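Reading the structure
Take a look at the letters that make up each chain.
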Amino acid sequence: MAESQCNGCPSASTCTTQQRENCSSKQGPQSLLEPANKYSKIKKVIGVVSGKGGVGKSFVTALLASEMKKAGNRIGIMDADITGPSIPKMFGVIGEAYGNEEGMIMPVETKEGMKLMSINLLIENPEDPVIWRGPVIGGAVKQFWTDVAWGELDYLLIDMPPGTGDVPLTVFQSLPVDGVIIVTSPQELVQMIVKKAYRMASMMDIPVLGIVENFSYLVCPDCGKQIRLFGESHVGAVSEELGIPLLGKVPLDPQIAAAADAGTFYEKVNPYLDKAVKILSSL
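Residues numbered from 1 in each chain as written. Predicted model: local features only at pLDDT ≥ 70, side-chain atom pairs only at ≥ 80, totals over all residues. Heavy atoms only, no water.

Observations concerning the nonpolar core
Leu64, Met78, Phe91, Val171, Phe172 and Phe265 are the most contacted members of the largest nonpolar core, which totals 76 residues. Looking at this core, the element that brings in the most residues is helix H2 (residues 57-70), giving 7 residues. Beyond its immediate chain neighbours, meaning those up to four positions away, Val171 contacts Val141, Ile158, Met160 and Val177. (Core = buried A, V, L, I, M, F, W, Y, C linked by side-chain atoms within 4.5 Å. Buried < 20%, exposed > 50% of the residue type's maximum accessible area, 1.4 Å probe, protein only. Helix = DSSP H or I, 4+ residues; strand = E, 2+ residues; numbered from the N terminus. Contact = heavy atoms within 4.5 Å.)

So, in structure tokens, the structure goes:
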């Protein structure tokens, strides 16, 4: 009678003892991480995530990138929100990315020296919709890592689409993410949403560096009172429950919103994420 097969391997009966010991079917799960290209030397990769849309995740990504740049870091932003890209507009970047002689994609730089890559920099008309299925979107995000010549960066921030679907899974599995920051808003509903994002990161063994609350309040231009348009904040409770730091509360600031629309986002003073900058700088 032939020897029992090794995990269903059809040629197990003819393998030598050494071949069986080295057989890939007996080894643990293989890493899905994509190697960086020779033109990219990136020290830290940070994902900015949210459990749902509409909480201003891209806004917080741009805010954090600006403050990290002002602190003296070399910064890149990967706009992985393929169907809803907004990062280039915030920094006044227009035009198309181009390739080098070896076919690598060159990121577009802001006037302040930050490097950006977004699907809006690769299509002729930025207002055209990207109507792709999940696997195609995931493949594009991986190409933003493998085929973009990022150069030397201290931090690459990844603006991910909301939710826990294809693209966040692709990023967590394929890129060497050093940690994620969760963006939320004040409503009580967000406790459930934050926990979904937190638990996905935990399941993928990605450290959660903290939470940022956006839309925290609006400062009355007449009396200076903080008006909580979305109700009282619940982010402190969920931060304490999950044991992760609260990195900042970002108000509704019409001047910063106008600067984002005008492409002059970087020029505004934004002290709201000082703790987040400190934590990232200590990694």
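Next comes the rest of the account.
Some words on the side chain of Glu67
Among the structural elements, Glu67 can be located in helix H2. Judged by relative accessible area, which is 13%, Glu67 ranks as buried. Beyond its immediate sequence surroundings of up to four residues, Glu67 is in contact with Lys268, Asn270 and Val277.

Here's the deal with unusual backbone geometry
Of note, Asp205 is a non-glycine position whose phi angle comes to about 60°, a positive value. Tracing the backbone through its elements, the reader meets Asp205 in the loop between helix H6 (190-203) and strand S9 (208-219). One non-glycine residue, Phe215, lies in positive phi territory at about 60°. Tracing the backbone shows Phe215 in strand S9.

A short note on the pattern of salt bridges
Tallying each qualifying case throughout the model produces 11 salt bridges. One salt bridge connects Lys57 with Asp81, and the closest N-O pair in it is separated by 3.9 Å. One end of the pair, Lys57, is in helix H2; the other, Asp81, is in the loop between strand S2 (75-79) and helix H3 (87-90), and 24 residues separate them in sequence. Grouping residues by exposure puts Lys57 and Asp81 together as buried. What emerges from the salt-bridge pattern is a single network uniting Lys43, Arg74, Glu152 and Asp154. (Salt bridge = Lys/Arg side-chain N within 4 Å of Asp/Glu carboxyl O.)

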